[in-house]
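# Architecture at a glance
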Amino acid sequence: MSKVTSDQNIMYDGSTMKVVSFACIIIVLAVVFTGSISYFITRNAVVDKLKSRDLVYIIESATAKIDGRIARARETSLLLARDSAVNEWVLSGEKNEQLGKYAKDKLTDMAQSYDYVNSFIVSVVTGNYWAEEGRLLQRMSEDNADDYWFYETLKSDKAVSLNIDYNIGRDNTYVFLNALIGDLKHPSGIAGVGLSLADIAKEFTEYKFGESSALWLVDGNGKIHLADSVEQNGKNLNDFMPAAVADQIIADTNSQQTQPQILEYVNAAGETVDLAYKRTESTDWKVVLQIKRSESIAVLKTIKMNTAIASLIAVLMITLVFYLVSRRIANPLKRALLLTQKMEQQVKARTSELAESNEKIMDSIEYARLLQESILPTSEELEDVLGFYFVLWRPRDIVGGDFFWVRRVSEEKSLVALVDCTGHGVPGAFMTMAVNSALKHIVEQNHTEPAQILSELNLQMKQILHRNHQQSFRDDGLDIAICAIEGHSRLSFAGAKLSLYVRRDQEIHTIPGDHKSIGYKASPETLTFTSQSWDIEAGDQFYLVTDGYIDQNGGKKNYSFGKKNFTTEILAQQEAVACQAAHFETVLRNYMADESQRDDITLLGFSIR
Amino acid sequence: MENLCIEQTKSTPTIQFDIVNNKLRIEGQSYPENAFKFYEPIFNWLDQYLTEIDKETVLEIYFHMPYINTSSSKCIMMLLEKMENAYQEGRKVAIEWYYNHEDEAALECAEEFKEDLMLPFELIVLDDDE
């Protein structure tokens, strides 16, 4: 790791916000989608209802109103015409005063009581036109174009005829119901009532459907006779819709239709307009209703707005929820990461502390090795005493309890020893220092026989190691092999647990040391050792080895290397002693393979010159 | 008095001293940094055990130690001496010492121990397959 990631980066990584944003987008899409669907469904439902019910209802109501009014007027006209008194009065040439009074009263009563603008009795006999309030208004004349209706009606053979008269002066349309008096074949006159469409106009305005809606009563030419807005009276359908639509309505003369016709068109402003019309039953007039689509579905604006507001609220809520949830979820993770980071830092700090203290210890031990090496003989000393030689000195822990020692006692005599103190590492090294001084001291006291030296060494080491008779379980001592070489002909050996191996030609002679260790509590102060003598022949090779080499584990079964293997390896040597170090080292390394070194290892080989 | 059980490590053997069946078992390599520290509780346990058992108890001791370093071997020697003393006092102590076939170093080591002892000390070879 090059750099410690900062806390900030852990606390504010973008992933949380990414999740929240993603979720918001999804939700907005979902809300807009469902909102749009419900909008379109509702709009279609509204338009459908408008076309199939609302427009139909209004147009039918308006038509029924007009038809009803005309039907009532028709009945009223018939009542008046079929009144026998009226017939008699007319037939009497309006001479009978009594009947005349009755007929005139009736005329007056009709107009006043039943809300007609006009009531009349016209006699064929006299040609007199009696109007409401019993006034004689005029005398009919075939020459007068205005009276043309009278003579046409008489010839119609129909009990009641409808006559529509648009009065330009009054800007009003009047509907007259003309009923024949007496025999239909030979009527004696015509009686009837007239009603003003302006009277119906009031009711028309009740059907006002919206700001842009328009309800008209139009005649067969498309002329508007009645509108819910008075100013539109007298205008034409063409003025309010495309000519094609107006023509379609005007041209539809199918009197069989009982259902209102529904259609829609787009006006000049590009707005969709719904339109319904129906023919009245009593006339060829039509009631036309139109309204802009936008107004009918105005209610949907609310839905639109509500959907937008709902989306906004949903997004806000979800954002909040996601933020809180992700914080709750992410927090332990972040904490774990922070903790890990802190621990890593602590581990690093500790590791560097350990490395530092390890380095100190290693420096100290490296220095100890320099000291320990200083007690080891130099190559000159070794060469002087041993002639040809090799030495493997492998403390397990840089320094150790193994060491070797040579001393020239005289021109003719020299000593060589191999020592294995208990313990390894620094404790072992301390022991070697003590043993080294003891040996020096013993030789200086003129003890030069190997067995004698070992007895002395035992005594001195016990004094050094156990002088204050501690009760602790500490119990230290050493194994040693020591040889005195006298001239080039004789070697005497004494050993404490260590042996001398001698190769002569293809034979190994093992000269075992005593089964006694030196310096231990159990080693009595009176301990004696035996010296064994060996007459040196040219080519004899001598080997001293500590148990570290022989006991090293390894091989297929992880056993100790063993004495047998060791002696076999001695016999396998082809080279002179001075060149054998590498071979023994290789053999050991191959045997150990991946195993670690168990003990300090020292191997000394020599052949006397 | 409780059983003494110590788990094996790379450098110390398994210790299983079973007071119910009177079987003591030591198995594994022994080369701790401080052998006396490792063996001290074992000495103490054995001392107490030997004072507590009655004279007729037959004590079976089982060793299988492929490698014993110098200071450990001093400790093992001390253990064996305690057992030897118990034997000399008339207790029924018998040692079975197992070693692997071909492991001559282990055999030599065992033979060295056996040399100084009077108590029954049986050397038993294990086939390498075991």
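This text follows the structure it describes.
Residues numbered from 1 in each chain as written. Chains lettered and ligands numbered in written order. Predicted model: local features only at pLDDT ≥ 70, side-chain atom pairs only at ≥ 80, totals over all residues. Heavy atoms only, no water.

A separate point is the sheet that holds strand E2 (residues 14-18) of chain B. All names here are of chain B. If you walk across this open sheet you meet the 6 strands as E1-E2-E3-E4-E5-E6, and the pairing is mixed. Because the sheet does not close on itself, it has two edges, and the strands there are strand E1 (4-6) and strand E6 (121-126). Neighbour to neighbour, the strand axes of the sheet diverge by 15° on average, direction disregarded. Relative to strand E4 (residues 58-64), strand E3 (residues 23-27) runs parallel, the two sharing 5 bridges. Residue pairing across strands places leucine 24 opposite isoleucine 61, the latter belonging to E4. Seen against the sheet, helix H2 (residues 70-88) touches E3, E4, strand E5 (92-100) and E6 and runs at an angle of roughly 145° to E5. (Pairing = 2+ DSSP bridges. Helix = DSSP H or I, 4+ residues; strand = E, 2+ residues; numbered from the N terminus. Axes fitted to C-alpha atoms, helices over the stretch in contact; angles between N-to-C directions. Contact = heavy atoms within 4.5 Å.)

Moving on to the interface of chain A and chain B. With 24 residues of chain A at the contact, the number on the chain B side is 24 residues. Regarding the contact of chain A and chain B, the summed buried area is about 2100 Å², with carbon and sulfur atoms giving 48% of it. Our count for the contact surface shared by chain A and chain B stands at 4 salt bridges. Measuring nitrogen to oxygen at the nearest pair gives 3.4 Å for the salt bridge that ties glutamate 102 of chain B to lysine 557 of chain A. Taken together, chain A and chain B are joined by 9 residue pairs in polar contact (both at pLDDT 80 or more). At the level of secondary structure, the elements contributing two or more residues to the side of chain A that touches chain B comprise helix H13 (547-551), strand E22 (559-560) and helix H14 (563-571) of chain A. In terms of residue class, the side of chain A that touches chain B is built from 3 nonpolar, 8 polar and 13 charged. (Buried area = accessible area lost by both parts, 1.4 Å probe. Salt bridge = Lys/Arg side-chain N within 4 Å of Asp/Glu carboxyl O. Polar contact = N/O pair within 3.5 Å; in protein donor to acceptor, adjacent residues only side chain to side chain. Nonpolar A, V, L, I, M, F, W, Y, C, P; charged D, E, K, R; others polar.)

All right, on to the pattern of salt bridges then. All names here are of chain A. Inspection of every chain in the model, using the stated rule, returns 26 salt bridges over all chains. The salt bridge involving arginine 369 is made with glutamate 373; its shortest N-O contact spans 3.0 Å. Taken together, the positions of arginine 369 and glutamate 373, both in helix H9 (residues 299-375) and 4 residues apart, correspond to about one turn of that helix. Here arginine 369 falls in the partly exposed class, since its relative accessible area comes to 23%. Judged by relative accessible area, glutamate 373 falls into the partly exposed class, the value being 32%. Arginine 408 serves as the salt-bridge partner of aspartate 384, at 2.7 Å between the closest nitrogen and oxygen. With aspartate 384 in helix H10 (residues 379-386) and arginine 408 in strand E13 (residues 402-408), this pair connects stretches of sequence that are 24 residues apart. Judged by its relative accessible area of 43%, aspartate 384 is partly exposed. A single salt-bridge network, built from bridges that share partners, covers Lys51, Glu264, Asp274 and Arg293. (Buried < 20%, exposed > 50% of the residue type's maximum accessible area, 1.4 Å probe, protein only.)

This brings us to the packing of aromatic side chains. Here the structure, examined in full by the defined rule, presents 28 aromatic pairs over all chains. Considering the side-chain rings of tyrosine 549 of chain A and phenylalanine 561 of chain A, the 5.5 Å spacing of their centres and the 85° angle between planes classify their relative orientation as edge-to-face. In this pair, tyrosine 549 of chain A is assigned in helix H13 and phenylalanine 561 of chain A in the loop between E22 and H14, connecting sequence segments 12 residues apart. Judged by centre distance (5.0 Å) and plane angle (55°), the rings of phenylalanine 17 of chain B and tryptophan 45 of chain B are tilted. Separated by 28 residues along the polypeptide, phenylalanine 17 of chain B in strand E2 and tryptophan 45 of chain B in helix H1 (residues 35-52) bring together distant segments of the chain. Positioned over the ring face of phenylalanine 529 of chain A is lysine 516 of chain A, at 5.9 Å from the centre of the ring. Over the ring of tyrosine 520 of chain A we find lysine 74 of chain B; its NZ or CZ atom is 3.9 Å from the centre of that ring. (Phe/Tyr/Trp six-rings, centres within 6.5 Å; stacked < 30°, edge-to-face > 60°. Lys NZ or Arg CZ within 6 Å of the ring centre and 35° of its normal.)

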